[in-house]
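Residues per chain are reported as follows:
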Amino acid sequence: MKMVAVFHNKGGVGKSTLLFHTASALAEQGHKILMMDLDPQSNLSLYGLSEIELQNIWEEEEEVIANGFTIGMNTFNTAKKKIMNSPRTIHFLLKPVENGVDDYNILPPVIKINNNLHLIPGRITLSQFEGVLADRWSISPDENVLAIRTITQFRTIAMRYAAKNGYDYILVDVSPSLGLLNRAIITSCDAFFMPATPDLFSMYGIRNIGQALNKWKKSYISLYNSVNPQLRELFSPDFVKFVGYTIYNARGRKDQPLGLARAHRSFAECIPEEITKWISKEEIPKCLQSKIEQSIGGDAVWASHNTYPAMAQKYKCPMWLIPIQKLEKEDKLTVNSNQIRFQDTKEAYYIFSNDLINRVKKLNDA
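Reading guide: rules and limits
- Residues numbered from 1 in each chain as written.
- Predicted model: local features only at pLDDT ≥ 70, side-chain atom pairs only at ≥ 80, totals over all residues.
- Heavy atoms only, no water.
- Helix = DSSP H or I, 4+ residues; strand = E, 2+ residues; numbered from the N terminus.
- Buried < 20%, exposed > 50% of the residue type's maximum accessible area, 1.4 Å probe, protein only.
- Phe/Tyr/Trp six-rings, centres within 6.5 Å; stacked < 30°, edge-to-face > 60°.
- Patch = residues over 30% accessible without salt bridge, like charges linked within 9 Å, V, L, I, M, F, W, Y side chains within 5 Å.
- Areas by Shrake-Rupley, 256 points an atom, 1.4 Å probe, with all protein chains shown as cover.
- Salt bridge = Lys/Arg side-chain N within 4 Å of Asp/Glu carboxyl O.
- Polar contact = N/O pair within 3.5 Å; in protein donor to acceptor, adjacent residues only side chain to side chain.
- Contact = heavy atoms within 4.5 Å.

Draft legend 1. Broad picture of unusual backbone geometry. A positive phi angle, near 60°, is found at Ser 42, a position not held by glycine. By secondary structure assignment, the location of Ser 42 is in the loop between strand 2 (33–38) and helix 2 (51–60). Even without being glycine, Lys 316 reaches a positive phi, approximately 55°. Its location among the elements puts Lys 316 in the loop between helix 12 (308–315) and helix 13 (329–336). The exposure class assigned to Lys 316 is partly exposed, which follows from its relative accessible area of 29%.

Shown next as structure tokens:
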């Protein structure tokens with residue numbers, strides 16, 4: 001199992017859309033995929049759940065989120081079977097370590113989007129966990145088991161679900177922050193990839209990520225080397241690796257170089273240079289260093305799909321399956337007149353997802 005994050009320091013680059021369609025393409029090709037929504041905004045969750053369904057999940061677990069385990073953890077594990085028999089959010093799954101008690105005896109089920117594609121939904125209160133991380137990181141984690149459990153708990157949860165359900169890959173959506181929450185998440189992953197809109201803010205976001213990775217790695221190595229060898233099993237076996245980028249949500253122009261409008265093309269041409277300049281070669285697998293400047297999947301997913309992602313979220317399916325859904329009247333004309341364009345998105349995401357996974361597989365050769 002490999003745990004892979006989609007990450008950029010700039011918001012609005014389409015991380016959730018890219019992750020959902022990548023996961024859907026991989027699932028259709030036979031890979032068993034778990035998506036974890038670790039962005040407090042929870043946009044990824046709305047690709048698998050309606051707002052009402054997500055709200056119901058939030059309300060069912062509100063007592064635990066607000067008050068913890070007032071009846072004691074042992075009693076909770078036996079008396080609260082009902083709440084554990086339906087899908088729960090990531091913050092609910094983190095609540096035992098947040099309260100400093102043992103993990104749940106059993107894992108709640110996941111959201112099953114289809115046989116090969118599952119989801120652990122997000123929750124807006126996940127942002128509160130950053131304060132817990134700040135407290136635990138400040139009390140010498142190398143001497144405190146609870147601090148180590150807290151910092152590594154995202155990976156522990158992923159590993160438990162992988163062992164239970166046999167996932168090939170766990171794809172993780174995160175916020176654009178460089179704070180402690182994302183530091184704990186990203187350093188728990190085996191790899192991350194980056195969607196970048198071709199603009200000034202994305203370029204400077206690459207710089208921020210590179211500088212953050214350098215700081216995070218020093219802390220990671222120091223912490224890993226200082227803990228009891230038994231606790232090292234909670235960490236990723238190696239510091240997270242960068243496996244590539246893609247231009248995303250760009251304005252396409254087939255009659256122009258790179259197939260992009262001029263304003264976007266100038267920035268798109270600079271992004272590979274920014275990556276080479278700011279992301280250390282140590283964070284790139286050696287077998288990928290010669291191709292890291294090449295966009296994942298070429299230009300397969302570069303161009304914006306306009307309103308198609310919003311429709312995918314509305315109908316809870318990838319864009320290429322929208323034409324076979326039971327469409328509302330207001331959407332029928334748009335879909336029926338653009339069926340080929342909807343179907344073309346399938347090939348694009350297959351190309352992208354296969355290149356991504358081939359790069360992730362090469363982590364074993366690093």
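Draft legend 2. The packing of aromatic side chains, seen in detail. With the rule as written, the count across this model stands at 17 aromatic pairs. The interplanar angle of 70° and the centroid separation of 6.0 Å between the aromatic rings of Phe 7 and Phe 192 together place this pair among those described as edge-to-face. Of this pair, Phe 7 sits in the loop between strand 1 (2–6) and helix 1 (15–28) while Phe 192 sits in strand 6 (residues 191–196), and the two are 185 residues apart along the sequence. Comparing Phe 7 with Phe 192 shows no difference in burial state: the two are buried. Members of the aromatic cluster, each reached through a chain of ring pairs, are Phe 69, Phe 76, Phe 92 and Tyr 104.

Draft legend 3. Focus on the environment of Pro 309. Within the secondary structure, Pro 309 sits in helix 12. Between the C-alpha atoms of Pro 309 and Phe 20, which are 289 residues apart in sequence, the distance is 9.9 Å.

Draft legend 4. Looking closely at a nonpolar patch on the surface. A grouping of Leu 200, Phe 201 and Tyr 204 is seen on the molecular surface, where their side chains present a nonpolar patch of about 340 Å² in accessible area. Structurally, the position occupied by Phe 201 is in helix 10 (residues 200–226).

Draft legend 5. How the structure looks around the pattern of salt bridges. By the definition in use, this model includes 16 salt bridges. Glu 61 is paired through a salt bridge with Arg 88; the nearest N and O atoms lie 2.8 Å apart. Of this pair, Glu 61 sits in the loop between helix 2 and helix 3 (62–67) while Arg 88 sits in the loop between helix 5 (81–84) and helix 6 (90–99), and the two are 27 residues apart along the sequence. In this structure, Glu 61 and Arg 88 share a single accessibility class: buried. Between Glu 283 and Lys 217 there is a salt bridge, and its shortest N-O distance comes to 3.0 Å. Of the two residues, Glu 283 sits in the loop between helix 11 (262–278) and helix 12 while Lys 217 sits in helix 10, which places them 66 residues apart along the sequence. Each of Glu 60, Glu 61, Glu 62, Arg 88 and Arg 123 takes part in a single network of salt bridges with overlapping partners.

Draft legend 6. Inspection of the side chain of Thr 17 at higher detail. Within the secondary structure, Thr 17 sits in helix 1. For Thr 17, a relative accessible area of 13% corresponds to the buried category. In terms of polar contacts, Thr 17 uses its side chain to reach the side chain of Tyr 47, at 2.8 Å. The contact partners of Thr 17, leaving out residues within four places of it in the chain, are Tyr 47, Tyr 248 and Pro 309.

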